[in-house]
Amino acid sequence: IVINSPGGHVYSLMSMIDTIKSSELPVATIAMGKSMSCGAILLTFGTEGYRFAAPNATVMIHDVSSGTMGKIEELKTDVKEAERLGNIVFKMMAQNCGKPDDYFKNLIHEIGHADLYINAEDAKKHGIINHVRVPKFVVNVTVDILFK
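Residues numbered from 1 in each chain as written. Predicted model: local features only at pLDDT ≥ 70, side-chain atom pairs only at ≥ 80, totals over all residues. Heavy atoms only, no water.

**Structural notes on the nonpolar core**
So the rule is basically this: Throughout, nonpolar core names a set of buried Ala, Val, Leu, Ile, Met, Phe, Trp, Tyr and Cys residues whose side chains join them through atoms within 4.5 Å. Partly exposed describes any residue whose relative accessible area lies between the buried limit of under 20% and the exposed limit of over 50%, with all areas from a 1.4 Å probe on protein chains only and scaled to the type maximum. A run of H or I in DSSP becomes a helix once it reaches four residues, and a run of E becomes a strand once it reaches two; helices and strands are each numbered from the N terminus. By definition in these notes, contact holds between two residues if any of their heavy atoms fall within 4.5 Å.
In terms of nonpolar packing, the biggest core is built from 34 residues, with Leu13, Ile17, Ile61, Phe104 and Ile128 touching the most fellow members. Counting only elements with at least two residues in this core, the list comes to helix H1 (10-21), helix H2 (38-43), strand S5 (58-61), helix H3 (72-96), helix H4 (103-110), strand S6 (116-119) and helix H5 (120-125). The contact partners of Ile128, leaving out residues within four places of it in the chain, are Ala40, Leu43, Thr44, Arg51, Val59, Cys97, Phe104, Ile118 and Ala123.

Structure (structure tokens):
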């Protein structure tokens with residue numbers, strides 16, 4: 001999976017996470033240019049050892065946004081859902097990166113809930129990626145589709 005995403009919707013993110021986690025083969029993730037928001041989260045779901053960022057890549061993480069509009073009670077409900085999803089996502093990210101469960105949530109809160117932009121070297125220090133380079137691929141394609 002090559003990630004160059006300026007963002008995305010958190011429910012789409014959750015379906016992509018489920019797809020990655022269901023793979024029986026290693027999954028490589030590569031940050032090229034920018035991997036922001038949902039793209040940064042997906043980056044952490046590459047198989048350990050298969051998470052890459054190009055040397056000039058930027059990774060940005062932030063709190064989950066509800067993007068909500070409406071009446072006050074609807075806003076309150078949407079904020080609760082955004083908080084619930086944010087807690088799930090930050091915990092999964094931390095586990096993928098070998099960090100304590102509240103690592104990324106605390107990191108975002110330390111900067112005042114703003115966007116946290118990090119370069120490839122810092123992404124490696126935080127465990128988001130394993131390698132600062134673009135991997136070379138050799139692809140052999142065979143297709144056997146089995147649904148279990």
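**Some thoughts on the pairing of S6**
Two faces make up the sheet, and in a regular strand the side chains alternate between them. Applied cut-off: Pairs of strands are assigned from DSSP output, requiring at least two bridges between the strands.
Only one face of S6 is buried, namely the one carrying Leu116 and Ile118, since none of Tyr117 and Asn119 on the opposite face is buried. Bridging between S5 and S6 involves four bridges; their strand directions are antiparallel. Residue Ile61 lies in a different strand from S6, and its bridge partner there is Leu116.

**Regarding the side chain of His126**
Along the polypeptide, His126 turns up in the loop between H5 and strand S7 (131-132). Residue classification places His126 among the buried residues on the basis of a relative accessible area of 14%. Ignoring sequence-local partners within four residues, the contact set of His126 consists of Cys97, Lys99, Tyr103, Phe104, Leu107 and Ile118.

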